[in-house]
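Overview (structure and organization)
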Amino acid sequence: MHRKRRRVLVVTACLFGGGVVLQLAACGSLAANLALGALDFCSLTFNSDCTVGPFAPCGIPDTQTIDPSGNLGPVLNTEDDLLLDCPITLIPITTGT
């Protein structure tokens, strides 16, 4: 009878340990996905065009116009950006004087 109880305890411990390992694997996968999704490639490369190897997370460079009185126009070319903090190039609009 003693062996049967030990066998039941070992099987229960194995099942419990397997369940804990499965939960830790799911938590680890979630943490890795969040960390990689939040990784800012621009801060790693210190490059103004945000190019990482063959990929360009910022796509076409974003531009914004500014007139002589300091009014900013809309930001153009943001629809192809994979990152939220891509640099914006200001283009001054000068009048013909």
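See the structure above.
I will try to describe carefully the structure that is included in this document.

Conventions and cut-offs
- Residues numbered from 1 in each chain as written.
- Predicted model: local features only at pLDDT ≥ 70, side-chain atom pairs only at ≥ 80, totals over all residues.
- Heavy atoms only, no water.
- Helix = DSSP H or I, 4+ residues; strand = E, 2+ residues; numbered from the N terminus.
- Buried < 20%, exposed > 50% of the residue type's maximum accessible area, 1.4 Å probe, protein only.
- Contact = heavy atoms within 4.5 Å.
- Areas by Shrake-Rupley, 256 points an atom, 1.4 Å probe, with all protein chains shown as cover.
- Polar contact = N/O pair within 3.5 Å; in protein donor to acceptor, adjacent residues only side chain to side chain.
- Pairing = 2+ DSSP bridges.
- Axes fitted to C-alpha atoms, helices over the stretch in contact; angles between N-to-C directions.
- Expected span 1.5 Å × (residues − 1).
- Patch = residues over 30% accessible without salt bridge, like charges linked within 9 Å, V, L, I, M, F, W, Y side chains within 5 Å.
- Salt bridge = Lys/Arg side-chain N within 4 Å of Asp/Glu carboxyl O.

**Quick notes on the overall build of the protein chain**
Tallying secondary structure elements over the protein chain gives two helices and three strands in all. Along the protein chain, helices and strands appear, N-terminal first, in the series α-α-β-β-β. Relative to its 97 residues, the protein chain shows a buried fraction of 11%. The contacts in the protein chain between residues at least 6 apart in sequence include a share of 45% that link residues at least 24 apart. Total accessible area computed for the protein chain in this model is approximately 7,900 Å², and 69% of it derives from carbon and sulfur atoms.

**Section: the side chain of D62**
Of note, D62 is situated in strand 1 (residues 62-66). When neighbours within four sequence positions are excluded, D62 is seen to be in contact with V75, L76, N77, T78, D81, C86, P87, I88 and T89.

**Observations concerning the side chain of Q64**
By secondary structure assignment, the location of Q64 is in strand 1. Within the local environment of Q64, its side chain forms a polar contact with the backbone oxygen of G73, the two atoms lying 2.8 Å apart.

**Quick word on the sheet that holds strand 1**
As summarised here, the arrangement of the three strands in space is 2-1-3, forming an open sheet in which the pairing is mixed. Edge positions in the sheet fall to strand 2 (72-76) and strand 3 (88-92), since each of these pairs with one other strand and no more. Across the sheet, the mean angle from the axis of one strand to that of its neighbour is 20°, orientation sign disregarded. Bridge count for strand 1 against strand 3 is five bridges, and the pairing is parallel.

**Here's the deal with helix 1 (residues 2-37)**
Here helix 1 spans 53 Å end to end across 36 residues, near enough to the 52 Å set by a 1.5 Å rise per residue. Where burial is concerned, little of helix 1 is hidden: zero out of the 36 residues are buried.

**Structural notes on a nonpolar patch on the surface**
Among the surface-exposed residues, L72, V75, I88 and L90 lie close enough to one another that they form a single nonpolar patch of about 340 Å² accessible area. Looking at the nonpolar patch, the elements with two or more residues in it are strand 2 and strand 3.

**Some words on unusual backbone geometry**
Despite not being glycine, N77 has its phi angle at roughly 70°, a positive value. Inspection of the secondary structure assignment puts N77 in the loop between strand 2 and strand 3.

**A short note on the pairing of strand 2**
As defined by bridge partners, strand 1 adjoins strand 2 across three bridges and the pair is classed as antiparallel. Across the sheet, the residue bridging to I66 is L72, located in strand 2. Where strand 1 hands over to strand 2, the hairpin turn is made up of five residues, of which G70 adopts a positive phi near 95°.

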